[in-house]
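# A look at the structure
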Amino acid sequence: MPAAAMAPQDDPHIPVLLGPLLKTVAPVRGLWLDGTFGAGGYARGLLAAGAERVIGVDRDPLAHEMAAGWIGQFAGRLELKLGTFSELDTLAGAPLDGVVLDLGVSSMQLDRAERGFSFQKDGPLDMRMSQDGLSAADLVNTAAEADLADILYHYGEEHASRRIARAIVEQRAIEPITTTLRLAEIVARQLPRPKPGQSHPATRSFQAIRIAVNAEFTELAEGLAAAERALKPGGMLAVVTFHSLEDRIVKRFFQLASGQEANANRYAPATTQATARFDLMTRKAVAADADELAVNPRSRSAKLRVGRRTDASAKTIPPADLGLPTFSRKGRR
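First things first, this report covers the structure right here in the doc.

Reading the values: the criteria
- Within each chain, residue numbers correspond to sequence positions counted from 1 in written order.
- Note on the predicted model: pLDDT of at least 70 is required for a residue's local features to be given, and 80 or more for side-chain atom pairs to be given and counted; whole-chain, interface and lining totals, by contrast, use all residues.
- Side-chain descriptors were evaluated using all non-hydrogen atoms of the structure, hydrogens and water having been removed beforehand.
- Partly exposed residues are those whose accessible area sits between 20% and 50% of the maximum for their type, while under 20% is buried and over 50% is exposed, using a 1.4 Å probe and protein chains only.
- Working definition: helices are DSSP H or I runs of at least four residues, strands are E runs of at least two. Numbering for both runs from the N terminus.
- Any two strands are treated as partners once DSSP identifies two or more bridges connecting them.
- Here, the term right-handed applies to a crossover whose path from the first strand over the helix to the second runs clockwise when the strands point away from the viewer.
- Structural elements are reduced to axes, namely lines fitted to C-alpha atoms, with helices fitted over the stretch in contact, and the angle between N-to-C directions of any two is expressed from 0 to 180 degrees.
- Pairs of residues are marked as contacts when any of their non-hydrogen atoms sit within 4.5 Å.
- Throughout this description, the term nonpolar core refers to a set of buried Ala, Val, Leu, Ile, Met, Phe, Trp, Tyr and Cys residues connected via side-chain atoms within 4.5 Å.

## Here's the deal with the pairing of strand S2 (residues 53–58)
- Counting buried residues along S2, five of its six residues qualify, which places the element largely inside the surrounding structure.
- Direction of pairing for strand S1 (residues 31–34) relative to S2: parallel, over a ladder of four bridges. Of the residues in S2, the one forming a bridge with tryptophan 32 is valine 54.
- For the handedness criterion, the β-α-β arrangement of S1, helix H3 (residues 41–49) and S2 is classed as right-handed.
- Pairing of S2 with strand S3 (residues 78–82) involves five bridges; the strand directions are parallel. Considered in S3, the bridge of glycine 56 is made with leucine 80.

## Focus on the sheet that holds strand S5 (residues 231–241)
- The seven strands are arranged S3-S2-S1-S4-S5-S7-S6 in an open sheet whose pairing can be described as mixed. Looking at the sheet topology across the chains shown, the edges are occupied by S3 and strand S6 (278–280). Averaged over neighbouring strand pairs, the angle between their axes works out to 20 degrees when direction is ignored.
- One ladder, built from three bridges, connects S6 with strand S7 (residues 303–309); its direction is antiparallel. Each residue of the ladder has a partner; that of aspartate 279, found in S7, is arginine 308.
- Of the strands in this sheet, S1, S2, S3, strand S4 (96–102) and S5 touch H3, which is tilted by about 175 degrees from S2.
- Strands S5, S6 and S7 of the sheet are contacted by helix H13 (residues 244–257), whose axis makes an angle of about 25 degrees with S7.

## Considerations on the nonpolar core
- Within the largest apolar cluster, 65 residues are counted, with the highest numbers of intra-cluster contacts made by Leu88, Leu96, Leu183, Ile209, Leu237 and Phe253.
- Ignoring sequence-local partners within four residues, the contact set of phenylalanine 253 consists of Leu224, Glu228, Leu237, Phe278, Ile317 and Leu322.
- Among the nonpolar cores identified, the runner-up in size contains 29 residues, and Tyr42, Ala67, Ile71 and Ala238 belong to it.

## Here's the deal with unusual backbone geometry
- Between alanine 26 and proline 27 the backbone carries a cis peptide bond, its omega angle lying at 0 degrees.
- Mapping proline 27 onto the fold places it in the loop between helix H2 (18–25) and S1.
- Residues other than glycine seldom take positive phi values, yet glutamate 157 does so here, at roughly 55 degrees.
- Note that glutamate 157 resides in the loop between helix H8 (145–156) and helix H9 (161–174).
- Residue classification places glutamate 157 among the partly exposed positions, given a relative accessible area of 32%.
- A positive phi angle is found at alanine 215, which is not glycine, with a value near 50 degrees.

Distances and angles like these do not, on their own, reveal function.
What follows is the structure, encoded as structure tokens:
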């Protein structure tokens, strides 16, 4: 069933790949945790599909404010907790039957210019999901040029990273960069004009800065480990990603956790097959079908991967083994 058909009617933000997700994890039952609650689309979809109770976790206070007006209709079956999904095993308080993670920035954050995530709407250069700590403006105006270049390259796969970082440092020396449109203009001037159908020139740079501000890759690695610890045998872990760097980390996690490491390199010496801690429910990433793409353009780049927890003991995978981008910070200037 297309995700649009599964979405709650009063939810303005259609949850991506909800239909395929519910089909893959069926039957839905017991206690689930939605680690990226947002506008609550996945949580409500899980409750409608048969979950007895859902715990919604979000670090953004706005998500909690928005849910206050409708959460009561579920009569105690839906509980919200303020926090990050890297601590979901602690926040859950009990073994889980399923975990859902919808990564990246939510549309409710992008839609609000004052949150500073969008390069298409003028607003303060913020990008903080939790609305506290160092902002994007702090990073852009104080990080060393080499650090900025590394962030743009490793977190955004921006090949013009050094040229963009140099331009940022030059422009902030004239006047601090405090708005989204000014940063977007600085970036755009360093790149060719996009052809029809191509993304905005600042897309990769904004993605990279947002990831750095919110420590998203570290959160992801810790969140996957926390989900492994929290799930019951037979429990499901479903992860929706929106760009190749996220998907690469999730894919690698499921490969290692399902015992595939022994076959990763056919030229390497034979090793003992690792005990599988997850069974793969999706051998390949699931993408949106034509029906979902027609009603929800945001699903264009989305990929779904699902694993089912075995009864093997949980094991933490080193971040380096997951392929997390790493680089040495040079400090701030």
